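# Notes for the structure review
Spelled out, the chains give:
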Amino acid sequence: MINTILKVMAVLFTGFFVGLTLEGVARKVIARIQRRYGPPWYQNFIDLFKTFSKHGITHGWIFDFGVLMALGGTIATLAFVPLGNLIAFPGLDNVFIILYLWAIGALGMAMGMVGSGNPNASIGVARALTQMMGYEVPYLVVLAGVMFYYKTSSVSALMYSQADKWTLLKMPIGGIIAFVSLMGMLGKKPFDTPIAPAEIASGPMVELSAKYMGFLMLMHTFSIFVEISMFVNIFLGISNYFTFLIKFTIVWILATMISAVLPRFRIEQVVKFYWKVPLSLAFVQVLFVLLGWVF
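Residues numbered from 1 in each chain as written. Predicted model: local features only at pLDDT ≥ 70, side-chain atom pairs only at ≥ 80, totals over all residues. Heavy atoms only, no water.

### Thoughts on the packing of aromatic side chains
According to the stated counting rule, one finds 20 aromatic pairs in the structure shown. On the basis of an interplanar angle of 20° and a centroid distance of 4.6 Å, the ring pair of Phe80 and Phe89 is categorised as stacked. Accessibility expressed as a relative area gives 18% for Phe80, which makes it buried. Summarising the aromatic geometry, the rings of Tyr241 and Phe242 are spaced 5.4 Å apart at their centres and angled 80° between planes, so their arrangement reads as edge-to-face. According to the relative accessible area criterion, Phe242 is exposed, its value standing at 60%. Through a chain of ring-to-ring contacts, the aromatic side chains of Phe13, Phe16, Phe17, Trp41, Tyr42 and Phe45 assemble into a single cluster. Lys28 extends its terminal NZ or CZ atom over the ring of Tyr37, reaching a point 3.8 Å from the ring centre. When the ring centre of Phe148 is taken as origin, the NZ or CZ atom of Lys151, which lies over that ring, is 3.9 Å away. (Phe/Tyr/Trp six-rings, centres within 6.5 Å; stacked < 30°, edge-to-face > 60°. Buried < 20%, exposed > 50% of the residue type's maximum accessible area, 1.4 Å probe, protein only. Lys NZ or Arg CZ within 6 Å of the ring centre and 35° of its normal.)

### Comments concerning the packing of helix α1 (residues 2-33) against helix α3 (residues 61-80)
Here α1 crosses α3 at 115°, and the two axes come no closer than 9 Å. Taken together, the axis directions place α1 and α3 in an arrangement best described as roughly perpendicular. As α1 packs across α3, the resulting crossing turns out to be right-handed. Residues Val8, Val11, Leu12 and Gly15 of α1 lie in contact with α3, whose contacting residues are Ile75, Leu78 and Ala79. (Axes fitted to C-alpha atoms, helices over the stretch in contact; angles between N-to-C directions. Helix = DSSP H or I, 4+ residues; strand = E, 2+ residues; numbered from the N terminus. Parallel < 35°, antiparallel > 145°, perpendicular 65-115°, else oblique. Left-handed = near helix turned anticlockwise from the far one by under 90°. Contact = heavy atoms within 4.5 Å.)

By themselves these figures say nothing about function.
Printed below as a string of structure tokens:
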């Protein structure tokens, strides 16, 4: 029991420290690509602690409960995700459990932001849910192909099944589609339509202030950690704790650099793109798996 608690604390601390650090590094990378100096890498820590030092404005119990539900659901999801050989719940790190817990955080986010009553927040939530329909379908199709091939839905078992070769090399089409879907999950350009600061004033975050903004900043950090960790575990081979963090950093920086040089899609363009190109290729990848055409 104590061992499990310590592992959960280690997973959450890693998500907190590494997540916030890499978000700061990403701001620095984007600034350098745009020929600016950019904020220091620790700026996100300062911003987060500053939000918790101020008194926030509530918009009712639905708003408060939604924010806490979003953060709680995301923390619970992260606890079940393996970080290389650091596995808090061996045998329970199942893809379906993680997706189920993940939905709780997303629903809390939607409920809380709509509960603020601001039209821009509702538009942002509607865009986020629409975009989710776009990237989730090809991602789940690819994931189904991977689970069928390895005959397991355990994330750690999927990772340890790559002893001979990474899944990314065995199923390159599926790996690329999963990465494109990951860009949508992260809200990176060209898939940042739910926030769109110039159009809807940052969408779901428009009514957030002080500690409420801090809770959502934490949720965003943990969300990023869950999404990239799943990609690293399923597609980038066997890792220990330290090689996992190296792979995580490379994927995060690559997604940031691609995002820094792309413009934003409109929401209808996002869905059309995901349902035309990645979804078609995802079915091709699954067909290859069924036929045994795996490298």
